[in-house]
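If you want the building blocks of each chain, they are given just below.
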Amino acid sequence: MVKNSTVLDHFEQLDDPRMERHRRHKLIDIITITICAALCGADDWVAIERFGNAKESWFKSFLELPNGIPSHDTFGRFFSRLCPISFQSCFIQWIQSITDSLPGKLVAIDGKTLRRSFTEPDKKNAIHLVNAWSIENKLVLGQLKTDRKSNEITAIPELLEAIAVKGAVVSIDAMGCHKAIAEKTREKEAHYLLAVKNNQPRLYSAIQEQLYSKKAKVYQRPAIDFHSSEKEQHGRHEIRRCWVYHSVAKLPIATEWIDLAAVVRVETERTLQGKKAKEQRYYISSQPLSAKAVSEMIQHHWQIENSLHWSLDVAFREDDSRIRIGHSAENMSRIRQIALNILKQDDTYKIGIKNKRLSAGWDHEYLMKLICSV
């Protein structure tokens, strides 16, 4: 084993799904080769086998490899049978060992479908993964599989139960605006920032009524904090205005949402090629944050799309992956997230994820640094 290779040490305790008499290759050897291959650009079982064969002499410098490099069929069978719950547990233990404390930091939760993970013969749906992404730490904190996007409602509380989010602000889009999710967030000693749409009609109407009240007397209006920002980027001019109302006690259903502290209105005005578009959005928060802080958090929430989902699709070609048998799609998704977390934490080169993967494949010293540094 590689000395001090923290990431690999955390996966030595995985439950091996193979019958003992069929174990020609050590579990940790299979995991190590797969993680290294994913770091270096291998995205399927054949590529992982070829990578292992090309690097066999290097792997033998720190792995036992009693029967050489496993075949692509062996990799496929192993990950199709590996319990994803056990793999998730080891993954989370590793993440918690390298993650800074989260008080005041933003954790964005959002779902992503593995589009080619469906199978025609048995009509198996493409799997949908709910991910928790630490914005400041640039780390996937955890992941949970569902069969459909609509099942995010039940998956999010389970994901929150599994990960450590104490002190963080958990932001979720309107799909996650449910009382049980708000309650689980507070139970985990975190704060929630939830988008509100018509899937919560009573809450949505109450917020609109409060925010657009035409009361004549100023003292009857709710306390308001306001922030405005303006930017020009890629030919698009954007003005963002944010109002935070802290007088939530006046909302008729305020007591139905645990520790509700503020409601938020965000107005975005965009001009592109002379065409203007306006958008209004609403949020609820368990923390009485300033309008500036809330506005920034709402913008940063979408880094889960740009920094996580985009990287997985573009740098790791996740949407093109046809790995789908048994648990293999979910487990390989977690392998990609391990690799992405490692690459995001590395500051050796100021280059993109794709070129970091290429560099790791070319340079044994750099690859060793990656697997030993976290």
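For the structure itself, consult the block above.
Being a predicted model, the structure only gives us computed values, none of them experimental.

The rules behind each value
- Residues numbered from 1 in each chain as written.
- Predicted model: local features only at pLDDT ≥ 70, side-chain atom pairs only at ≥ 80, totals over all residues.
- Heavy atoms only, no water.
- Salt bridge = Lys/Arg side-chain N within 4 Å of Asp/Glu carboxyl O.
- Helix = DSSP H or I, 4+ residues; strand = E, 2+ residues; numbered from the N terminus.
- Buried < 20%, exposed > 50% of the residue type's maximum accessible area, 1.4 Å probe, protein only.
- Pairing = 2+ DSSP bridges.

> Where do I start with the pattern of salt bridges in this structure?
Close approach of charged atoms allows side chains with opposite charge to pair. Following the criterion strictly, the structure yields 27 salt bridges and no others. Between Arg-357 and Asp-43 there is a salt bridge, and its shortest N-O distance comes to 2.8 Å. Taken together, the positions of Arg-357 in helix α13 (residues 353-362) and Asp-43 in the loop between α2 (27-39) and α3 (45-54) put the pair 314 residues apart, joining distant regions of the chain. Where Arg-236 meets Glu-238, a salt bridge forms, and the shortest distance between an N and an O atom there is 4.0 Å. Taking the relative accessible area as the measure of exposure, Glu-238 reaches 6% and is therefore buried.

> What is the right way to look at the pairing of strand β8 (residues 262-272) in this model?
On a regular strand, each side chain points to the face opposite its neighbour's, so the side chains alternate between the two faces of the sheet. Of all the 11 residues making up β8, nine are buried; the element is thus mostly covered by neighbouring parts of the structure. Looking at chain direction, strand β7 (residues 236-245) and β8 are connected through 10 bridges and run antiparallel. Each residue of the ladder has a partner; that of Tyr-245, found in β8, is Val-263. For β8 and strand β9 (residues 275-285), the ladder comprises 11 bridges, and the chain directions are antiparallel. Bridging across to β9, Val-263 finds its partner in Ile-284. With antiparallel pairing between neighbouring strands as the criterion, β8 and β9 make up a hairpin whose turn holds two residues, including Gln-273 at a positive phi of roughly 55°.

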